[in-house]
Amino acid sequence: MLSASIVLSSLPIGTAAAETAEAVYTGVTNADVLINNMAYTDVKSADLWIREAVYETGVLELLKGYGDKNFGLSKAVSKEEAITKIYTAAGREAEAQVLAQNLDNARSEEDKKKNTLSMWADGFLQLAANEGLITANELADALDEDQAGLEPGDFHRGAAAQRQEVAYWLARALGLVPVYNQQSIFNNFNDWKSADPVKVPFIEAVLSAGIMNGNGKGSFNPASAVTRTQLAQIIKNSEGLILPAAGLGRRTGIVEEIRNQGDYSGSTREELKTIDVRNTSGRLHRIELRAAAGSSQADERSGKTSAGGQRDIVVYKNGTLGKSSLLKTGDRIEYIVSQDNTVRFVKVLSSIYDTKYYVATINNVDTANLLMNTSVFFKLDYPDFDLSKANISFAPGNENAVVNYRYSANVSVDTGGRGSGIVSVTPETYVILTVKDNIVTAVKYLELGQDNRNTVVRGIVEDNNPELGYITLYNEDGTGNSPGGAQRLLESRTYNYGDQNDIEVFKNHQTADLEDIEPGDTVFLKLDGTASVVSVSGVDNYTVKYGKVLSRTSSTLGVQYDDGTQQVLDVDGKAFIVYEGRAVSMSKLQNGDRVKLLLSITNKATVIKEITIEGDEHFISNIYKGKVSKINTASGRISIDSLQRFTNGKWVRTEQKGTNDIRISQEYKMYFDNRAIDTTQANKYFKQAEAYIAVEKDYGGQERAVLISFRNEEDTEDVPYDDSVSHAYPSSGQFSVSKKTHTINGGEGTIVVKDGRLVSTGSISEDDKVYVVANRSYDTGSYYAGVVQIGARQDDSFVQIYRARIKKINENSSFTVESFSQLNGTAWSYSNTPKTFNITYNTRIVGDEGVVGQRDFTDYGDNSYANRTVYIVADNLNALLVTTAPYGTVNARGRIYSISGGDTGAGGTIISQPTDIKLTEAKVYGASRHMWLDSKDMELKILPGSIILKDKKVAKPSELKNGDKIRVIKRDSTTTGEAYIIIVEN
């Protein structure tokens, strides 16, 4: 007989069709009935998480409704119902029914219960008493026919079950081990003392298992009622314990192919749907759904027909309950199967085409702009996975190690009971991120043990020794590596390498060697059954900071960072010191040097990996704007049309017309919307797009592009700002300027130039004088910076100004101060360390009455300068001016319109110096508000010891001119007084 097989519809069949399936499953015969039973009128419009919990526990017959199409979402669960549902979910229903039958058989005929539900509930209550969930007295109360006659303190079976009771009963029924010591989770709730002490260890066990949580506001509410909605979620959260007891297993995989076929060759026509699933193990699992075509069965009561012999699966997807037709190729699914290889329930997690999952740490969260900065470790196939499975891969994708994401306003946050909402996410938290279309839609705390075997562990590298074959980790909080009492923990945190030839190693999303894993790195280790390391994924914890050297010894380095903070760092022999690309000794470092520091910052310590002494080789020579026509990596050039140069806060056309070619630095970076892009993407998607380009000069004087940031041309570029920073938020990269009311965002793609060098937005400080090129987003209306150029209009950084107390003077040679404050912008920064300055032929000393000779500058005698407080103007360690002018803390600013006092002789020679100046357009700096505030005109005195800086030198009063814009430091904020320091800011 000739047979034929007709394919009704199919997708392209790949290699999976020829592959032998590891497991073959089938569907259930009552899919339509199960779906119909879930058609609750009060659930279909509920939140997604409610629908998922109700549908899943209902289809698996762990929790059912009332049979009237009403689930009763907000209805409080009674004590007898809670015990019944908990034991039913635990697979103990048959035992309870036997006990119920025995109880009822013991009753006289007239006392037998007429209410079937109440009779069956008796069996569950008896089971609870037998196993200690309730006492004998409580059972007696529960079985009392006169429930209305019970006292308030008695056990009313119909009364609402309390949360602490449900936690206690659930823990006992599921066999959870009570936690009697270190109840770290429950004790964090502010109402933990109000719980029944007997139940507290069991509440802790339930919390530790992630079965129950707090209310997100710091409370557990032990005595509050439990609703049926909450009970559904509690039972769903318990499935890790419930399913194995019921002979059910949870699997995850990706739908690889769906095929529909018909076999009409014989007397029985069959339709077959085959769903190939690539399981997390990498093996092929197959679901075969067969149905006899055209077969039907009739209801003996109504005559209605239904499909006969049909097997299908119940699928939950995006809030909807249906059958296999909901599944699509690429769906990530979780499927629950029974021991007879029947698929009992399928939940679609997401699609591989639009959703990604990452293990990451949250560095910081900007709630105002819905942004989060993350360190991404590795990618996952699923949002919730078993870390003990051997199939977890650390293989890198195309992601950056550090990523700024925007998150959804309704982002789902699962903190494991530690709080709710994005505000509860704390920095350095390990999470699983769900990212859809580059938007974070869900954040889930990653519960990852630090001492587990045959699993994945994480920590910070204490020691890595591939030669001896081990790696030692300590915990993020700094514990796990201290001597003495922590030795046991230290031993448990040392792991041996297996065959090093077979170990996968990744560092910062790149294939690496074991030797590349360094102390201070954050790592994930995958272990085999013998607890040997088989795979390593690491991200370095190094942070780049820029600053100026304040002091140094053979083993320490005192620095002041660009944000104004100061720190003394230990320098060990492992730190590299680099100058002009070559390793040099510590002696090359001088006070006042600009340095770039590569730091490993953990809770344990801050360790210097590298110190680069910056010369002028990385000065940003220009910032350009233009339309990028091509990037040619072969020739190492970028071609730009309509080129403009950023000069003094304005875009100015360059002299060269047409296309301009600029060389590309070997270390150049490109960004769009703060996301790193490569040359292929730039040439494909950004041809003739406008970009900002920062360039530096190489040793031959040729300009090379080091940062290229493409604009979103839907956004509007504002007129460049010439302003000062009023507020700065280094962690988020945000800042504001005094003349604008809006906040400006910064990011990876922002070109920030400070002191001539390319720095990060974290180097923007309050009071910085800035030129800002800001853009306004078309989508959100928020402002973000494309270019920030920082620097005083008058460069007064050629000298340093100190206020200090003299400790010792070596005549005509040097003097030492016991501590000092250094003027930085508008503020004095104090350092409690000595400092020695050189006395040179150019050192001028001015006392209260005028100039003092160097030979009279001593620390003994009637006119001793020992213990006197002075101003010091220095060029690095060489003192240019020492003056006893009084101490001032108030900054004022204005334009000189009158200079008086002093005498001028014939030919304009200066006989005596001017003594008075008047300022208009005056302002006083409000330190508390970090803003310059308007003031009336000022009249100020110039003292013999006043410090005047103009045109990069220490000047005399006679060199001040009408029209000069100056900043002065004086005693108070009045409109009169003495000017102790005058800085010309033209």
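Residues numbered from 1 in each chain as written. Predicted model: local features only at pLDDT ≥ 70, side-chain atom pairs only at ≥ 80, totals over all residues. Heavy atoms only, no water.

Per an unreviewed UniProt entry, the protein is named S-layer family protein, and its organism is Anaerobacterium chartisolvens.

1. Concerning the overall build of the protein
Here is the rule we go by: Per the convention used, a helix needs a DSSP run of H or I reaching at least four residues, while a strand needs a run of E reaching at least two, with both numbered from the N terminus. Per-residue accessibility, obtained with a 1.4 Å probe over protein chains only, is compared with the maximum for each type, and a residue is labelled buried under 20%, exposed over 50%, and partly exposed between these values. What makes two residues a contact is simply this: any of their non-hydrogen atoms within 4.5 Å. Surface accessibility in these figures is a Shrake-Rupley result with a 1.4 Å probe; residues are shielded only by whichever protein chains are displayed.
Each helix and strand counted, the protein has 12 helices and 61 strands in total. By the burial criterion, 49% of the 986 residues in the protein qualify as buried. In the protein, the share of contacts with a sequence separation of at least 24, taken over all contacts with a separation of at least 6, comes to 61%. Carbon and sulfur atoms provide 46% of the accessible area of the protein, an area that totals close to 47100 Å².

2. Side note on the sheet that holds strand E28 (residues 582-583)
The condition that has to hold: Following DSSP output, two strands are said to pair if at least two bridges run between them.
If you walk across this open sheet you meet the 7 strands as E26-E25-E24-E29-E30-E27-E28, and the pairing is mixed. Since the sheet does not close on itself, it has two edges, and those belong to strand E26 (566-570) and E28, each with one partner. Alignment of strand E29 (residues 594-601) against strand E30 (residues 606-613), held across 7 bridges, turns out to be antiparallel. Residue pairing across strands places Ser600 opposite Val607, the latter belonging to E30.

3. Thoughts on helix H6 (residues 136-143)
Selection criterion: Arc definition: it is the arc formed by the directions from the helix axis to the C-beta atoms.
Within H6 the residues assigned to the buried category are Leu139, Asp141 and Ala142. Projection of H6 onto a plane perpendicular to its axis shows the buried side chains occupying an angular sector of 160°, all on one side. Opposite the buried face of H6, by more than 90 degrees, sit the exposed residues Ala136 and Asn137.

4. Description of the sheet that holds strand E23 (residues 533-539)
If you walk across this open sheet you meet the 7 strands as E19-E18-E17-E22-E23-E20-E21, and the pairing is mixed. Each edge of the open sheet is held by one strand with a lone partner, namely strand E19 (494-496) and strand E21 (510-511). As paired elements, strand E22 (residues 522-527) and E23 share 6 bridges and run antiparallel to each other. Residue pairing in the sheet places Leu525 in a bridge with Val536 of E23.

5. Concerning the pairing of E29
Looking at chain direction, strand E24 (residues 542-552) and E29 are connected through 7 bridges and run antiparallel. When the bridges of E29 are listed, Lys545 appears paired with Leu597.

6. Side note on the confidence of the model for the protein
Let me state the cut-off plainly: Per-residue confidence from the predictor is reported as pLDDT, a score between 0 and 100.
For the protein, the mean per-residue pLDDT works out to 82, and 87% of the residues sit at or above 70. By mean pLDDT, the top-scoring element of the protein is strand E2 (residues 23-26) (95), and the lowest-scoring one is strand E1 (residues 5-10) (35). This stretch, residues 387-391, has a pLDDT under 50; its non-local contacts, to residues over four places away or in other chains, come to 13 contacts.

7. Side note on the environment of Ser635
Locating Ser635 in the fold gives a position in the loop between strand E31 (620-632) and strand E32 (637-647). Exposure remark for Ser635: the relative accessible area of 40% places this residue in the partly exposed category. With 28 residues separating them in the primary sequence, Ser635 and Arg663 have C-alpha atoms 8.3 Å apart.

8. Focus: the side chain of Arg286
The test is simple: Distance and chemistry together define a polar contact, namely a pair of N or O atoms within 3.5 Å, with one atom able to donate a hydrogen and the other to accept it when in protein, and with adjacent residues in sequence counting only for side-chain atoms on both sides.
Here Arg286 lies in strand E5 (residues 284-292). Engagement of the side chain of Arg286 in a polar contact is seen with the side chain of Asp276, the distance being 2.7 Å.

9. Section: the pattern of salt bridges
For clarity, the cut-off: Just to be clear on terms, a salt bridge is a Lys or Arg side-chain nitrogen sitting within 4 Å of an Asp or Glu carboxyl oxygen.
Under the defined criterion, the tally for this structure stands at 41 salt bridges. Ionic pairing is found between Asp122 and Lys113, a salt bridge with its closest N-O pair at 3.0 Å. With respect to class, Asp122 is no different from Lys113; both count as buried. Arg278 is the salt-bridge partner of Glu256, the closest N and O atoms lying 3.0 Å from each other. One end of the pair, Glu256, is in strand E3 (residues 248-263); the other, Arg278, is in strand E4 (residues 270-279), and 22 residues separate them in sequence. The class for Glu256 is partly exposed, based on a relative accessible area of 33%. Through salt bridges with shared partners, a single ionic network connects Glu52, Glu56, Lys236, Glu239, Arg250, Glu334 and Lys347.

10. Thoughts on the nonpolar core
The nonpolar side chains of a soluble globular protein tend to be buried, and buried together. To keep things clear, this is the line we draw: To define a nonpolar core, start from buried Ala, Val, Leu, Ile, Met, Phe, Trp, Tyr and Cys residues and group those joined through side-chain atoms within 4.5 Å.
Grouped together as the largest cluster of nonpolar side chains are 69 residues, with contacts concentrated most on Ile83 and Trp169. A per-element tally of this core places helix H7 (residues 163-174) first, with 8 residues. Setting aside chain neighbours within four positions, we find Trp169 in contact with Lys79, Ala82, Ile83, Ile86, Leu133, Ile134, Phe155 and Ala161. Listed in part, the 20 residues of the second largest apolar core include Tyr624, Ile662, Ile664 and Phe672.

11. A short note on the packing of helix H2 (residues 48-59) against helix H9 (residues 228-237)
The following threshold applies: Think of each axis as a best-fit line through the C-alpha atoms, taken over the contacting stretch in the case of a helix, with angles from 0 to 180 degrees between the N-to-C directions. What sets the label is the angle itself: under 35 degrees gives roughly parallel, over 145 gives roughly antiparallel, 65 to 115 gives roughly perpendicular, and the rest give oblique. Handedness of each helix crossing follows the sense of rotation of the near helix against the far helix: counterclockwise by less than a right angle gives left-handed, clockwise gives right-handed. Polar here means any residue outside two lists: the nonpolar Ala, Val, Leu, Ile, Met, Phe, Trp, Tyr, Cys and Pro, and the charged Asp, Glu, Lys and Arg; Gly therefore counts as polar.
Where H2 contacts H9, the axes come no closer than 9 Å and their chain directions differ by 65°. Between H2 and H9, the crossing angle belongs to the class labelled roughly perpendicular. Relative to H9, H2 is oriented so that their crossing is left-handed. Across the interface between the two elements, Trp49, Ile50, Glu52, Ala53, Val54, Glu56 and Thr57 from H2 touch Thr229, Ala232, Gln233, Ile235 and Lys236 from H9. Grouping the amino acids of the contact of H2 with H9 by side-chain chemistry returns 6 nonpolar, 3 polar and 3 charged.

12. Here's the deal with the environment of Asp768
With respect to the helices, strands and loops of the structure, Asp768 is situated in the loop between strand E43 (757-759) and strand E44 (769-776). A residue is classified by how much of its surface remains accessible, and Asp768, at 12% relative accessible area, is buried. With 31 residues separating them in the primary sequence, Asp768 and Val737 have C-alpha atoms 9.3 Å apart. Discounting chain neighbours no more than four positions away, the residues touching Asp768 are Asp723, Ser724, Val725, Lys754, Ser763 and Ile790. Within the structure, the side chain of Asp768 is placed 2.8 Å from the backbone nitrogen of Ser765, a separation counted as a polar contact.

13. A word on the pairing of strand E15 (residues 429-436)
With 7 of its 8 residues buried, E15 lies for the most part within the structure. In the sheet, strand E12 (residues 355-366) pairs with E15 via 8 bridges, with the strands oriented antiparallel. Directly across from Lys356, in E15, lies its bridge partner Val435. Pairing of E15 with strand E16 (residues 439-445), which is carried by 6 bridges, proceeds in the antiparallel orientation. Considered in E16, the bridge of Lys436 is made with Ile439.

14. Here we look at the side chain of Ser726
Considering the arrangement of structural elements, one finds Ser726 in strand E39 (residues 721-729). Assessed through its relative accessible area of 4%, Ser726 is described here as buried. When neighbours within four sequence positions are excluded, Ser726 is seen to be in contact with Ser736, Val737, Ser738, Glu766, His930 and Met931.

15. Describing the packing of aromatic side chains
Using the following cut-off: For Phe, Tyr and Trp, rings pair up if their centres lie within 6.5 Å, where Trp contributes its six-membered ring, and each pair is then called stacked (planes under 30 degrees apart), edge-to-face (over 60) or tilted (otherwise).
Within this structure, the stated rule accounts for 19 aromatic pairs. Measuring from centroid to centroid gives 6.1 Å for Trp828 and Tyr871, while their planes differ by 35°, and the two rings are tilted. Taken together, the residues Trp828 in strand E48 (residues 827-831) and Tyr871 in strand E51 (residues 869-875) connect sequence positions 43 residues apart. Residue Trp828 shares its accessibility class with Tyr871, and that shared class is buried. In this structure an aromatic cluster arises from ring pairing among Tyr802, Phe815, Phe820, Phe837, Phe857 and Tyr865.

16. What to know about the environment of Leu371
Relative to the assigned elements, Leu371 resides in strand E13 (residues 371-380). Look at Leu371 and you get partly exposed, because its relative accessible area is 24%. Distance from Leu371 to Arg406, taken between C-alpha atoms, is 4.4 Å for residues 35 residues apart in sequence. Excluding its chain neighbours within four sequence positions, the residues that come into contact with Leu371 are Asn364, Val365, Asp366, Tyr405, Arg406 and Tyr407.

17. Brief notes about the packing of H7 against helix H8 (residues 200-208)
Packing of H7 against H8 leaves a shortest axis separation of 8 Å and a crossing angle of 75°. Put simply, H7 runs roughly perpendicular to H8. Residues Gln164, Ala167, Tyr168, Ala171 and Arg172 of H7 form the contact with H8, whose own contacting residues are Phe202, Ile203 and Val206. For the contact of H7 with H8, the residue count by class is 6 nonpolar, 1 polar and 1 charged.

18. Remarks on helix H5 (residues 116-130)
Note the threshold: An expected span of 1.5 Å times one less than the residue number is assigned to each helix.
The terminal C-alpha atoms of H5, which comprises 15 residues, lie 22 Å apart, in line with the 21 Å expected from a rise of 1.5 Å per residue. Those residues of H5 lying buried are Ser118, Met119, Ala121, Asp122, Gly123, Phe124, Leu125, Gln126, Leu127 and Ala128. Against the buried residues of H5 lie helix H3 (79-89), helix H4 (93-106) and H6. Following H5 by one or two positions, Gly132 has its phi on the positive side, about 85°.

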